[in-house]
Amino acid sequence: MSDELNIALLGTKFMGRAHSNAWLSVAKFFDLDLHPTMHTVVGRNEQELAAFARRWGWREHTSDWRQAVTDDRVHLVDIGTPNNVHAEQAIAALEAGKHVACEKPLANTLAAAEAMVEAASTSEGKTFVWFNYRRVPAVAMAHKLVRQGALGTIYHARAAYLQSWGGPDTPLLWRFDGDVAGSGAHGDLNAHIVDAIRFVTGEEITAIEGAVEETFITERQVLDGGSGGEIAGAGSSTSGRMGTSTVDDAVAFLARLSGGGIASFEASRVATGYHNANRFEIHGEKGALRFDFERMNELDYYNPGDGPTAGWRTIDVTRGAEHPFVEAWWPDSHGLGYEHSFVNQAADIIAMIAGASPVVPMPDFADALRTQRVLDAAIEAARRRAPIPIDPV
Ligand code: SOE
C-alpha cells in the first residue's frame, strides 16, 4: 500500500495559505508514517488559482470542489472556505469516504454543525478541526501541566481574544455577513478561546450565566464585486455603496465550568491597540497559568508551594524536549511563530490517519460541536438576557 496521503485543499485565502504552508513544511520537520502530497487545490478565481497552485506546489487545481472531494485519488479533504459552506463540503467529502480537516468554527449555524457530526458518525473518514492554538507549544504545555495536577481544583478561567482590524474603514467582507459567517468576532475568536479553555482545563462549559453582544459598526463599504476579500480588506476596492453588517463586533460572556469553577470570555475585532491578543489565565487551588499569544513562546506559571520565593515564573517553552512539538524545530530558544501551530497540527493529523496518537488531543467534529453549542448558547443568553444551561453531551 502506498504511503502517499493525497490532499485536496478547498480555499486559497488566509487559511489556504496557512494550510498550504503546513502541508508543504510538515514532512521536512516531522518523521511521518504517511507522506503528504499536495494534490489538488480548489478556488473560485481560475487565474488566481493557477498562480496559487504554482506558488505553493499544488499538483492540480480546479474551481469544481465537488470534483475534488470525490476524486478517487484524494485521501484527505482540507476545508479552508467561509463558514457557510463547511457543512456541504465536509458532508460530501465524508460521503465519498475521505478524511476531513475543517477550519473553525465548525459551521455558521448549530444545525449545520450537528449535520456534520451526524455525517462523521456514519463515515469511515476521520475528522479534524483546525483549532490550531492547541498546538502552540505554550498552550500544549499548559494542557500538560494541568493534566499533571499543577493547578488542582480550578476556580477561575479568564480568556480574551482581542483584535482591532474590524474598525470603520474595513469593508463589508464575508466575515460581516451573518448568513455566511454565522456570527462575527464571536464565532471567529470566542471559538478559539472556548476550545482553548476546554482543552487546557479538560473541563466542559455547563452554563452561560450572562452574555452581551454588540455591533458597533453597522454600515460598511461594499466591495467591488460583492463580498469576499481578505481580512481588513487590504487592497480590496470598494463600490462607493454602503451595506449592513449583520454580525457582532464583540461578544463577552460569563460561564460555569464542569469542575465547579467560573469562566469569562471576551472576543472583539475593535479592541483598539490589540492586533492578535489571544490570552488566558487559569487559577487553581495549587497554582495558576497565564498565556498571551503576543508572547507566544512563553508560559507564565505561579506555584504558591514555592513559599517565600513564590512569584510568576516565565517558562521559555521553546527550550527543552519536555515541551510539546519543540524537538521537531530548532535548538533551544530559537522561537516559533503562528505558522508552526498549523504545521504541528498537520503532523498530528497525518499521525492519526496513520493510526498513531497525536501529541495532544485533537478536536474532531464531535468535539468541535461542544464548542459550537457554547457559542450558540452565549448568543441565546445575550438575546434573552437570561442564563442558558448547556447539556454536556
Ligand atoms: C481573523 O480573526 C483570524 O484570521 C481568525 O479567523 C483566525 O482563526 C485567527 O487565528 C487569526 O485571526
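Bear in mind the structure is a predicted one, so any value in this text is a computation, not a measurement.

Student: How should I be thinking about the overall build of the protein in this particular structure?
Tutor: When helices and strands are counted, the protein shows ten helices and 17 strands. Against the compact-globule benchmark of 21 Å for 393 residues, the protein has a radius of gyration of 21 Å, which places it among compact chains. Counting all 393 residues of the protein, 56% fall into the buried class. In the protein, once contacts between residues fewer than 6 apart in sequence are set aside, the share between residues at least 24 apart is 70%. Accessible surface, the protein as shown: approximately 16,400 Å² in total, 49% of it carbon and sulfur.

Student: Would you mind going over the site of the ligand with me for this structure?
Tutor: Taken together, twelve residues sit near the ligand, with Tyr133, Gln163, Asp188, His192 and Tyr338 positioned nearest. At a separation of 3.3 Å, an oxygen atom of the ligand approaches a polar side-chain atom of arginine 175. Tyrosine 338 places a side-chain nitrogen or oxygen 2.9 Å from an oxygen atom of the ligand. For the ligand, whose unbound accessible area comes to 310 Å², protein coverage reaches 95%.

Student: So what exactly am I meant to see when it comes to the domain arrangement of the protein here?
Tutor: A common measure of how large an interface is: the accessible area buried when the components associate. Partitioning the protein into domains gives domain 1 (4–129) and domain 2 (133–384). The straight-line distance from the C-alpha centre of domain 1 to that of domain 2 is 22 Å. Counting from both sides, the interface comprises 45 residues of domain 1 and, opposite them, 38 residues of domain 2. A buried area of about 3,600 Å², summed over both sides, lies between domain 1 and domain 2, and 74% of it is on carbon and sulfur atoms. Sorting the residues of domain 1 by area buried against domain 2 places Phe29, Phe30 and Phe128 first, and these three jointly supply 17% of that buried surface. Joining domain 1 to domain 2, the criterion identifies two salt bridges. Its salt-bridge partner being arginine 373, residue glutamate 114 comes within 3.9 Å of it at the nearest N-O pair. There are ten residue pairs in polar contact (both at pLDDT 80 or more) connecting domain 1 and domain 2.

Student: I'm lost on the sheet that holds strand β5 (residues 99–102) in this one. Help?
Tutor: Pairing between sheet strands relies on hydrogen bonds along the backbone, with the strands arranged either parallel or antiparallel. If you walk across this open sheet you meet the six strands as β3-β2-β1-β4-β5-β6, and the pairing is parallel. Lying at the two open borders of the sheet, with one neighbouring strand each, are β3 (60–62) and β6 (127–129). The sheet shows a mean angle of 20° between the axes of neighbouring strands, taken without regard to direction. Examined bridge by bridge, strand β2 (residues 35–42) and β3 share three bridges and lie parallel to one another. Residue pairing in the sheet places valine 41 in a bridge with histidine 61 of β3. On top of the sheet, helix α1 (residues 14–29) reaches β1 (4–10), β2 and β4 (76–79); it is set at about 155° to β2, its chief contact.

Student: Honestly, the nonpolar core in this entry has me stumped. Any pointers?
Tutor: Proteins that are soluble and globular tend to have nonpolar side chains buried together. By size, the foremost hydrophobic cluster in this structure holds 116 residues, and its most contacted members are Trp23, Trp58, Ile208, Phe265 and Phe365. When residues in this core are grouped by element, the largest group, nine residues, is from helix α10 (residues 365–384). There are two domains that each give this core at least three residues, and those are domain 1 (4–129) and domain 2 (133–384). Beyond its immediate stretch of four places on either side in the chain, phenylalanine 265 contacts Ala159, Asn190, Ile193, Val194, Ile197, Ile205, Val251, Ala252, Phe253 and Ala255. Ranked by size, the runner-up nonpolar core spans seven residues in total, among them Trp165, Leu173, Phe176 and Val222.

Student: Explanation requested: the sheet that holds strand β7 (residues 154–162) in the structure shown.
Tutor: Read from one edge to the other, the open sheet built from nine strands follows the order β16-β15-β14-β13-β7-β12-β11-β8-β17, with strand pairing classed as mixed. Single-partner strands in this sheet number two, and they are β16 (313–316) and β17 (388–389). Bridging between strand β13 (residues 277–284) and strand β14 (residues 288–292) involves five bridges; their strand directions are antiparallel. By the bridge assignment, histidine 283 is partnered in β14 with alanine 288. Contacts from α10 reach β8 (205–214), β11 (250–257) and β17, with the element oriented near 55° to β8.

Student: Help me understand the packing of helix α4 (residues 86–95) against helix α5 (residues 110–121), please; the structure alone is not making it clear to me.
Tutor: For any two helices packed against each other, one specifies the inter-axial angle together with the distance between the axes. Between α4 and α5, whose axes approach to 9 Å, the crossing angle comes to 5°. The orientation of α4 with respect to α5, classified from their angle, is roughly parallel. Side by side, α4 and α5 meet where His86, Ala87, Ala90, Ile91 and Leu94 of the first sit next to Ala112, Ala115, Met116, Ala119 and Ala120 of the second. Across the contact of α4 with α5, the residue classes tally to nine nonpolar, one polar and no charged.

Student: Would you take a moment to explain the pattern of salt bridges for this structure?
Tutor: Should the charged atoms of two oppositely charged side chains come close, the side chains can pair. Enumeration over the complete set of coordinates arrives at 24 salt bridges. Taking the shortest distance from any N to any O, the salt bridge between glutamate 209 and arginine 256 comes out at 3.0 Å. Linking glutamate 209 in strand β8 with arginine 256 in strand β11, this pair joins segments that are 47 residues apart in sequence. You can call glutamate 209 partly exposed: its relative accessible area is 36%. We classify arginine 256 as partly exposed; its relative accessible area is 40%. If you follow the salt bridges from partner to partner, you end up with Arg134, Asp195, Arg198, Glu204, Asp367 and Arg370 in one network.

Student: What exactly am I supposed to notice about unusual backbone geometry here?
Tutor: The bulk of non-glycine residues show a negative phi, and the bulk of peptide bonds are trans. Look at the link from lysine 104 to proline 105: it is a cis peptide, with omega at -10°. With respect to the element layout, proline 105 can be found in the loop between β5 and α5. The backbone phi angle of serine 333 is positive, close to 65°, even though this residue is not glycine. Tracing the backbone through its elements, the reader meets serine 333 in the loop between β16 and α9 (338–353).

Here is what the cut-offs are and how they apply
Residues numbered from 1 in each chain as written. Predicted model: local features only at pLDDT ≥ 70, side-chain atom pairs only at ≥ 80, totals over all residues. Heavy atoms only, no water. Helix = DSSP H or I, 4+ residues; strand = E, 2+ residues; numbered from the N terminus. Rg over C-alpha atoms; globule rule 2.2 N^0.38 Å. Buried < 20%, exposed > 50% of the residue type's maximum accessible area, 1.4 Å probe, protein only. Contact = heavy atoms within 4.5 Å. Areas by Shrake-Rupley, 256 points an atom, 1.4 Å probe, with all protein chains shown as cover. Near = heavy atom within 4 Å. Polar contact = N/O pair within 3.5 Å; in protein donor to acceptor, adjacent residues only side chain to side chain. Domains from an automatic or database assignment. Buried area = accessible area lost by both parts, 1.4 Å probe. Salt bridge = Lys/Arg side-chain N within 4 Å of Asp/Glu carboxyl O. Pairing = 2+ DSSP bridges. Axes fitted to C-alpha atoms, helices over the stretch in contact; angles between N-to-C directions. Core = buried A, V, L, I, M, F, W, Y, C linked by side-chain atoms within 4.5 Å. Parallel < 35°, antiparallel > 145°, perpendicular 65-115°, else oblique. Nonpolar A, V, L, I, M, F, W, Y, C, P; charged D, E, K, R; others polar.

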